[in-house]
Amino acid sequence: DTGVSQDPRHKITKRGQNVTFRCDPISEHNRLYWYRQTLGQGPEFLTYFQNEAQLEKSRLLSDRFSAERPKGSFSTLEIQRTEQGDSAMYLCASSPNTRGLSGNTIYFGEGSWLTVV
Amino acid sequence: SQQGEEDPQALSIQEGENATMNCSYKTSINNLQWYRQNSGRGLVHLILIRSNEREKHSGRLRVTLDTSKKSSSLLITASRAADTASYFCAITGANNLFFGTGTRLTVIP
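Here is a short report on the structure shown in this document. (Residues numbered from 1 in each chain as written. Chains lettered and ligands numbered in written order. Predicted model: local features only at pLDDT ≥ 70, side-chain atom pairs only at ≥ 80, totals over all residues. Heavy atoms only, no water.)

**Considering the sheet that holds strand β8 (residues 75-79) of chain A**
Residue and element names in this part refer to chain A.
Then, number 1: If you trace the 4 strands from one edge of the open sheet to the other, you get β1-β3-β8-β7, paired in antiparallel fashion. Both edges of this open sheet fall to β1 (5-7) and β7 (65-68), since each of them pairs with a single strand only. Sheet twist, expressed as the average angle between the axes of neighbouring strands with direction ignored, equals 15 degrees. (Pairing = 2+ DSSP bridges. Helix = DSSP H or I, 4+ residues; strand = E, 2+ residues; numbered from the N terminus. Axes fitted to C-alpha atoms, helices over the stretch in contact; angles between N-to-C directions.)

**What to know about the sheet that holds strand β6 (residues 55-58) of chain B**
The strands that make up a sheet pair up through hydrogen bonds in the backbone, lying either parallel or antiparallel.
All names here are of chain B.
Then, number 1: One open sheet holds the 5 strands; their spatial order is β1-β3-β8-β7-β6, and the pairing between them is antiparallel. Of all the strands in the sheet, just β1 (5-7) and β6 have a single pairing partner and so form its edges. For this sheet the average axis-to-axis angle between neighbouring strands, irrespective of direction, equals 20 degrees.
Then, number 2: Where β1 lies against strand β3 (residues 19-24), 3 bridges are found, and the strand directions are antiparallel. By the bridge assignment for β3, Glu 6 is matched with Cys 23.

**Considerations on the interface of chain B and chain A**
Then, number 1: Facing 22 residues of chain B, the contacting portion of chain A comprises 25 residues.
Then, number 2: Note on chain B versus chain A: buried area summed over both sides is about 1,700 Å², and carbon and sulfur give 50% of it.
Then, number 3: Of all residues in chain B, the largest losses of buried area upon contact with chain A belong to Leu 43, Asn 95 and Asn 96 of chain B, amounting jointly to 29% of the total for that side.
Then, number 4: Applying the counting criterion to the chain B and chain A interface returns 1 salt bridge.
Then, number 5: In this structure, the salt-bridge partner of Glu 110 of chain A is Arg 41 of chain B, at a minimum N-O distance of 2.8 Å.
Then, number 6: Connecting chain B to chain A are 7 residue pairs in polar contact (both at pLDDT 80 or more).
Then, number 7: Taken together, the residues that form the side of chain B that touches chain A break down as 7 nonpolar, 13 polar and 2 charged. (Contact = heavy atoms within 4.5 Å. Buried area = accessible area lost by both parts, 1.4 Å probe. Salt bridge = Lys/Arg side-chain N within 4 Å of Asp/Glu carboxyl O. Polar contact = N/O pair within 3.5 Å; in protein donor to acceptor, adjacent residues only side chain to side chain. Nonpolar A, V, L, I, M, F, W, Y, C, P; charged D, E, K, R; others polar.)

**Some thoughts on the state of the cysteines**
Then, number 1: A full pass over the atoms with the stated rule returns 2 disulfides over all chains.
Then, number 2: Put simply, Cys 23 of chain A and Cys 92 of chain A are joined by a disulfide, and their sulfur atoms are 1.8 Å apart. For the disulfide bridge between Cys 23 of chain A and Cys 92 of chain A, the dihedral angle about the S-S bond is near -70 degrees, and by the sign convention the bridge is left-handed. Here the residue Cys 23 of chain A occupies a position in strand β3 (residues 19-24), and Cys 92 of chain A occupies one in strand β9 (residues 88-95), the gap between them amounting to 69 residues.
Then, number 3: Exposure remark for Cys 23 of chain A: the relative accessible area of 0% places this residue in the buried category.
Then, number 4: There is a disulfide in this structure between Cys 23 of chain B and Cys 89 of chain B, and the S-S distance comes to 2.0 Å. Negative torsions about the S-S bond denote left-handed disulfides, and the value of about 65 degrees found for Cys 23 of chain B with Cys 89 of chain B makes this one right-handed. Here Cys 23 of chain B is found in strand β3, whereas its partner Cys 89 of chain B is found in strand β9 (residues 85-92), with 66 residues between them in sequence. Each member of the pair, Cys 23 of chain B as well as Cys 89 of chain B, carries the same accessibility label: buried. (Disulfide = S-S within 2.5 Å. Buried < 20%, exposed > 50% of the residue type's maximum accessible area, 1.4 Å probe, protein only.)

So this is what it looks like as structure tokens:
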């Protein structure tokens, strides 16, 4: 399967612990996005990469959140000192276009559910 | 705000009926996209409609766009129980998509 892959699919962690999610985009997609979605809401943009460069970060991405895409392929999203309010689904997506999104589709993974207890 | 707003928030219909969901937005757009999300799953792209297009079809799906009214609609014809999901419109920004809160569609067998 060549879709966007996310791991783990589910994570339960205690408050204060660190968690890391991994995303493998569709092969040769140079754009990669992270979104967060809470129950009953639509996805909210967190950050995006073009190749290995992180070009935009939402104000939702507090200093406890860090995302990397070291070789321009897979990406990781780390949350440090987790809080209960971090409980959400973290969605990764990728797209092939290098010149912006106009006319292009973003392909989403199945998401990583985080529950902070 | 660039995000779209879907209406209604929830819709329940019988199998075989048509379902119409609406999306309104406030800014000018290059294109608008519709996504579907089954409970607890990722989003699946349905249709992209460009600002110079008025209508687009894909199987049982029909999307319209009225840029003068800043609105779009998604019509699902001859609905099936498997269409039960949340449907989101997304406004395309320069570098990401802006989603609304979605319409929760339930198709009763």
